[in-house]
Amino acid sequence: INPHNLARCSRVQTLILPNCNMISDNVLMLLPYLESLTIRTGSSLTEDIFRHLNYLTTLQILSHSPDDFDELVNLKSLGYLSRLEMLHLRNEILRDEHFYHLRNLKVLILDGNKYVTPGILNYLPKIEVCILNRKLYKYISSTRNNNIIKKIGRLCSVKIYSIH
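Because the structure is a prediction, the values reported are computed rather than measured.

Engineer: Would you mind going over the overall build of the chain with me for this structure?
Structural biologist: Across its full length, the chain carries four helices and seven strands. Ordered by position from the N terminus, the helices and strands of the chain form the series α-β-α-β-β-α-β-β-β-β-α. By sequence separation, contacts in the chain at least 24 residues apart represent 24% of the contacts at least 6 residues apart. Of the roughly 9000 Å² that the chain leaves accessible, carbon and sulfur atoms contribute 49%.

Encoded structure:
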């Protein structure tokens, strides 16, 4: 990614880079109004980048194989993501109590983590969709949530047979 091209687009609100692993903190710092970020595991970002993305409400970290786990989102970075409304990742280091910071979270899709339990719902008062390890624990029907569920099914190979 050429940082000079991004500097011209400083008002970008959505950045989708599912196959790019060469993105760095310096590049994302050029996008202060970023609201939605989709990246892949193994990128060269550090957890400190979230300190600079004050408007980020949607974060998806996609893995291209079952062995790819995200290490970018951890206890330190969760403190900076308090505005987050949607989080989709494959992470094995998070625990239930780490989600206390994410009070605004409405959609959570977490895979590959045997430590996070349905008790996480106690920390997430605004949660509308909660999928842990490909099991649906909470779902509030709405047009927005139906669209999210359909997209998640395509991205994660989670089969959803019907939505009521």
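Engineer: Looking at this model, I keep getting lost on the confidence of the model for the chain. Mind explaining?
Structural biologist: Interpreting fine coordinate detail is not advised for predicted regions of low pLDDT. On average, residues of the chain score 81 in pLDDT, and 89% of them reach the 70 mark or higher. A low-confidence stretch, residues 159–164 (pLDDT under 50), is modelled with seven contacts involving residues beyond four sequence positions or located in other chains.

Engineer: Could you clarify how one ought to interpret the sheet that holds strand β7 (residues 135–139) in this entry?
Structural biologist: In a beta sheet, neighbouring strands are held together by backbone hydrogen bonds and run either parallel or antiparallel to one another. If you trace the seven strands from one edge of the open sheet to the other, you get β1-β2-β3-β4-β5-β6-β7, paired in mixed fashion. Looking at the sheet topology across the chains shown, the edges are occupied by β1 (14–16) and β7. Strand-to-strand, the axes of this sheet are offset by a mean angle of 10 degrees, without reference to chain direction. With three bridges connecting them, β1 and strand β2 (residues 36–40) associate as parallel partners. Across the sheet, residue Thr14 finds its bridge partner in β2, namely Ser36.

Engineer: Looking at this model, I keep getting lost on the pairing of β7. Mind explaining?
Structural biologist: In summary, the side chains of a regular strand alternate between the two faces of the sheet. Direction of pairing for strand β6 (residues 129–132) relative to β7: antiparallel, over a ladder of four bridges. Opposite Val129, over in β7, you have Tyr139 as the bridge partner.

Engineer: Can you help me understand the packing of aromatic side chains in this one?
Structural biologist: What characterises a pair of aromatic rings is the spacing of the ring centres plus the angle enclosed by the ring planes. Inspection of the entire model under this criterion finds one aromatic pair. The cationic tip of Arg11 hangs over the ring face of Tyr33; the distance from NZ or CZ to the ring centre is 4.3 Å. A cation sits over an aromatic face here: Arg95 above Tyr115, 3.7 Å from the ring centre.

Engineer: What is the right way to read the pattern of salt bridges from this model?
Structural biologist: As a working rule, side chains carrying opposite charge can pair if their charged atoms are close by. Scanning the entire structure with this criterion turns up four salt bridges. Between Arg51 and Asp48 there is a salt bridge, with the nearest N and O atoms lying 3.4 Å from each other. Its salt-bridge partner being Arg134, residue Asp111 comes within 3.4 Å of it at the nearest N-O pair. Residue Asp111 is found in strand β5 (residues 107–111), and its partner Arg134 is found in the loop between β6 and β7; the two are separated by 23 residues along the sequence. Three or more residues are tied together by salt bridges with common partners; here these are Arg90, Asp111 and Arg134.

Engineer: Explanation requested: unusual backbone geometry in the structure shown.
Structural biologist: Glycine aside, negative phi is the norm for most residues, and most peptide bonds take the trans geometry. With a phi angle near 50 degrees, Asn133 is a residue other than glycine that sits in the positive phi range. By the secondary structure assignment, Asn133 is in the loop between β6 and β7. Even without a glycine there, the phi angle at Arg134 is positive, about 65 degrees. For Arg134, a relative accessible area of 48% puts it in the partly exposed group.

Engineer: Please clarify how the side chain of Arg90 should be interpreted in this entry.
Structural biologist: Its location among the elements puts Arg90 in strand β4 (residues 86–90). Looking at Arg90, the relative accessible area reads 15%, which means it is buried. Each residue touching Arg90, except ones within four places of it in the same chain, is listed here: Ile61, Ser63, Ser65, Pro66, Asp68, Phe69, Asp70, Asp111 and Gly112.

Calculation criteria
Residues numbered from 1 in each chain as written. Predicted model: local features only at pLDDT ≥ 70, side-chain atom pairs only at ≥ 80, totals over all residues. Heavy atoms only, no water. Helix = DSSP H or I, 4+ residues; strand = E, 2+ residues; numbered from the N terminus. Contact = heavy atoms within 4.5 Å. Areas by Shrake-Rupley, 256 points an atom, 1.4 Å probe, with all protein chains shown as cover. pLDDT = per-residue confidence, 0-100. Pairing = 2+ DSSP bridges. Axes fitted to C-alpha atoms, helices over the stretch in contact; angles between N-to-C directions. Phe/Tyr/Trp six-rings, centres within 6.5 Å; stacked < 30°, edge-to-face > 60°. Lys NZ or Arg CZ within 6 Å of the ring centre and 35° of its normal. Salt bridge = Lys/Arg side-chain N within 4 Å of Asp/Glu carboxyl O. Buried < 20%, exposed > 50% of the residue type's maximum accessible area, 1.4 Å probe, protein only.

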